[in-house]
Amino acid sequence: GPAIGQALGPLGINMAEFCKQFNEASENLYEKGTPVGVKLSAFSDRTFKFDVRSPPTSYLILKAAGMEKGPAQPSPERASGYITPEAVYEIAKMKQKDEMRWHLPLEGVAKSVVGTARSMGVRVREAQDDADAEEEKK
């Protein structure tokens, strides 16, 4: 897109080559259309190196909760969605693979995922609690 061209142009990087390499590197990682982070290193000889990172935690939480987008103003009293502890574990495993988190214990990464979910108005609960939640809404 235009944002890529504006970012790569001043660095002297061949945009078509970057896109080709990026598509090859990311096609088997995530579903098409999933936002991912990229760390790009541009060198003075106009070559480059990049690392594809995991999708944003907020995106993964919304997807696990089956939500299109989060609430405009999350309420600490009222949950806008729910995810299971298993979903938290899967998201934490995915995030732990990122360059800056490989050394962190999985439990610490999972707590970070729960904190992000809470700030978005998404609560963590067991799947069998769905009946209880329906009662809560009434």
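Residues numbered from 1 in each chain as written. Predicted model: local features only at pLDDT ≥ 70, side-chain atom pairs only at ≥ 80, totals over all residues. Heavy atoms only, no water.

J.: Sorry if this is basic, but what is going on with the layout of surface pockets here?
T.: Vacant regions in the atomic arrangement are exposed by a probe of water-molecule size rolled over the atoms. Each pocket or cavity is described by its volume, and for the largest pocket that value is around 270 Å³. Examining the composition of the lining of the largest pocket, we find that four residues originate from one element, helix H2 (residues 15–26), more than from any other. Estimates place the volume of the second largest pocket at around 200 Å³. Every residue along the wall of the second largest pocket is listed here: Leu 29, Tyr 30, Asp 51, Val 52, Arg 53, Ser 54, Glu 90, Lys 93, Met 94, Lys 97, Asp 98 and Glu 99. A per-element tally of the lining of the second largest pocket places helix H4 (residues 85–96) first, with three residues. Class assignment of the residues belonging to the lining of the second largest pocket gives a composition of four nonpolar, one polar and seven charged. (1 Å grid on protein atoms, 1.4 Å probe; cavity = no way out; pocket = protein on both sides within 12 Å on 5 of 7 lines; lining within 4 Å. Points joined across faces, edges and corners; volume = space filled by probe spheres on them. Helix = DSSP H or I, 4+ residues; strand = E, 2+ residues; numbered from the N terminus. Nonpolar A, V, L, I, M, F, W, Y, C, P; charged D, E, K, R; others polar.)

J.: Would you take a moment to explain the packing of aromatic side chains for this structure?
T.: For any pair of aromatic rings, geometry is given as the distance between the ring centres together with the angle between the planes. A full pass over the atoms with the stated rule returns five aromatic pairs. Both rings, one in Phe 18 and one in Phe 50, keep their centres 5.3 Å apart while their planes meet at 65°; by these two values the pair is edge-to-face. Placement of the pair is Phe 18 in helix H2 and Phe 50 in strand E2 (residues 48–52), with a sequence separation of 32 residues. Phe 18 sits in the buried class, given a relative accessible area of 7%. A centroid spacing of 6.2 Å and a plane angle of 45° characterise the contact between Phe 22 and Phe 50, whose relative ring orientation is tilted. Of this pair, Phe 22 sits in helix H2 while Phe 50 sits in strand E2, placing them 28 residues apart in sequence. By way of ring pairs, the aromatic residues Phe 18, Phe 22, Phe 48 and Phe 50 are connected into one cluster. (Phe/Tyr/Trp six-rings, centres within 6.5 Å; stacked < 30°, edge-to-face > 60°. Buried < 20%, exposed > 50% of the residue type's maximum accessible area, 1.4 Å probe, protein only.)

J.: Got a minute to help me understand the packing of helix H3 (residues 57–65) against H4 in this structure?
T.: At a minimum axis separation of 11 Å, H3 and H4 run at an interaxial angle of 150°. Between H3 and H4, the interaxial angle falls into the category roughly antiparallel. The two elements H3 and H4 cross, and the hand of that crossing is right-handed. On H4, the residues that touch Thr 57, Leu 60, Ile 61 and Ala 64 of H3 are Ala 87, Ile 91, Met 94 and Lys 95. Counted by class, the contact of H3 with H4 contains six nonpolar, one polar and one charged residues. (Axes fitted to C-alpha atoms, helices over the stretch in contact; angles between N-to-C directions. Parallel < 35°, antiparallel > 145°, perpendicular 65-115°, else oblique. Left-handed = near helix turned anticlockwise from the far one by under 90°. Contact = heavy atoms within 4.5 Å.)

J.: Would you mind showing me how to read the environment of Leu 62 here?
T.: Position of Leu 62 among the secondary structure elements: in helix H3. You can call Leu 62 buried: its relative accessible area is 14%. The sequence separation of Leu 62 and Gly 81 amounts to 19 residues, and the corresponding C-alpha distance is 8.3 Å. Those residues in contact with Leu 62 that sit more than four places away from it in its chain are Met 67, Glu 68, Lys 69, Gly 70 and Met 120.

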